[in-house]
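# Descriptive analysis of the structure
Here is what each chain is made of, one letter per residue.
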Amino acid sequence: MSELGPAAPTPRRGSGAAPLWEQAADLIRGEIAREGLAAGDRLPSERDLCVRLAISRVTLRKALTHLVEQGLLTATHGRGWFVAAPAPAREWPNDLESFTATARRKQMTASSLVLTRERVLATLDDADRLDVPAGTPLLRLDRVRFLDGVRIAVDRTLIVDRAAPGLDEVDFTSASLFAELAVRGVVLDHAETAIEARAADPELARELQIAVGAPVLRLDQTIRGRDQRPVLLSTVDYSGERYRLRTTFPSR
């Protein structure tokens, strides 16, 4: 199993320089290319990378998470960071894929406006869907999702707080929730999804900047981890004028 070479450049500091995490991500990407690392090859430990790049672990993890979002790396809890296999070309995902990964595959830029990020207690309905006791602490994360600066959807998510601690400190204007879960060792397995057409109410119309009553496509999901326990609930309302869902149904 290959690893990066013993030496690597360090990020530049000072006015006019790009953020350290961004420079670190670029340096790691460059070293992977120079060393010819292949899918499945492991990067050095976080401690070694911090020393080589002369950066803090917080800065390093932001750089590594960015590379996960770009599809270059994968994270395996307790084992480290690995070069990811190239994603196959597809018209639309037939498996569980994050908004950020979909945007990257479409060669577009994903971003978010965070509307709400707070800890709440599970209601009876939430608790039933998440298979936790009522009153269990959850993280509520509501975001307007953008593609190339255009409002595409409003995503309202409830996450079991103990499943992925520290999410309340993440900057979700650019970060991918799925990537942040992966960094914390949460492997998502599948989503149970209900899809329905709706008309935008005044609040949703304001958030998406569309007319009241305009068509929206709602995806209501319960997403489970590898152990088949629910990890999060997600309700995503897509603007019907800006979003089209395509998939493939194989014959049996």
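Residues numbered from 1 in each chain as written. Predicted model: local features only at pLDDT ≥ 70, side-chain atom pairs only at ≥ 80, totals over all residues. Heavy atoms only, no water.

### Quick look at the overall build of the chain
Counting its regular elements, the chain contains seven helices and eight strands. For the chain, buried positions account for 43% of its 252 residues. Long-range contacts, defined here as pairs at least 24 residues apart, represent 59% of the contacts in the chain between residues at least 6 apart. As displayed, the chain offers around 13500 Å² of accessible surface, 51% of which is attributable to carbon and sulfur atoms. (Helix = DSSP H or I, 4+ residues; strand = E, 2+ residues; numbered from the N terminus. Buried < 20%, exposed > 50% of the residue type's maximum accessible area, 1.4 Å probe, protein only. Contact = heavy atoms within 4.5 Å. Areas by Shrake-Rupley, 256 points an atom, 1.4 Å probe, with all protein chains shown as cover.)

### Brief notes about the nonpolar core
Ranked by internal contacts, the top residues of the largest apolar core, which has 21 residues, are Ile28, Ile32, Leu43, Leu53, Leu60, Leu64 and Leu73. Contributing elements (two or more residues each) for this core: helix H1 (20–35), helix H2 (46–53), helix H3 (57–69), strand E2 (80–83) and helix H6 (177–183). In contact with Ile28, not counting residues within four places along its chain, are Leu43, Leu53, Leu60, Leu64 and Leu67. (Core = buried A, V, L, I, M, F, W, Y, C linked by side-chain atoms within 4.5 Å.)

### Brief notes about H3
The terminal C-alpha atoms of H3, which comprises 13 residues, lie 18 Å apart, in line with the 18 Å expected from a rise of 1.5 Å per residue. Among the residues making up H3, those that are buried are Thr59, Leu60, Ala63, Leu64, Thr65, Leu67, Val68 and Glu69. Taken together, the buried residues of H3 touch H1, H2, strand E1 (73–76), E2, helix H4 (99–105) and H6. Directly beyond the C-terminal end of H3, a positive phi value near 85 degrees is found at Gly71. (Expected span 1.5 Å × (residues − 1).)

### Re the confidence of the model for the chain
For the chain, mean pLDDT is 83; residues scoring 70 or higher make up 84% of the total. When mean pLDDT is taken per element in the chain, helix H5 (residues 124–130) scores highest with 95 and H4 scores lowest with 73. Below a pLDDT of 50 lies the segment residues 89–94, which in the model reaches 18 contacts outside its immediate sequence neighbourhood of four places, other chains included. (pLDDT = per-residue confidence, 0-100.)

### Notes on the packing of H2 against H3
Interhelical geometry of H2 versus H3 gives an angle of 105 degrees and a closest axis separation of 10 Å. In terms of their interaxial angle, H2 and H3 are classed as roughly perpendicular. Across from Glu46, Arg47, Leu49, Cys50 and Leu53 in H2, the residues of H3 making contact are Arg57, Leu60 and Arg61. (Axes fitted to C-alpha atoms, helices over the stretch in contact; angles between N-to-C directions. Parallel < 35°, antiparallel > 145°, perpendicular 65-115°, else oblique.)

### Things to note about the environment of Thr157
Inspection of the secondary structure puts Thr157 in strand E5 (residues 150–160). Judged by relative accessible area, Thr157 falls into the buried class, the value being 2%. With near-sequence residues (within four places) excluded, Thr157 lies in contact with Leu139, Arg140, Leu141, Asp142, Arg143, Leu177, Leu232, Leu233 and Ser234. Looking at Thr157, its side chain comes within polar contact range of the side chain of Asp155, at 2.8 Å. (Polar contact = N/O pair within 3.5 Å; in protein donor to acceptor, adjacent residues only side chain to side chain.)

### Focus: the side chain of Glu180
If you trace the backbone, Glu180 turns up in helix H6. Residue class for Glu180 comes out buried when judged on its relative accessible area of 9%. Not counting residues within four places of it along the chain, the set of residues in contact with Glu180 comprises Thr65, Leu167, Val170, Phe172 and Ala175.

### Focus on the sheet that holds strand E7 (residues 215–225)
Pairing is antiparallel across the open sheet formed by six strands, whose spatial order is E3-E4-E5-E8-E7-E6. Two strands close off the open sheet at either side, each with one partner strand: strand E3 (110–121) and strand E6 (188–199). Within the sheet, the average angular offset between the axes of one strand and its neighbour, ignoring direction, is 15 degrees. In this structure, E7 lies alongside strand E8 (residues 230–239), joined through nine bridges in antiparallel fashion. For Thr222, the partnering residue across the bridge sits in E8 and is Leu233. (Pairing = 2+ DSSP bridges.)

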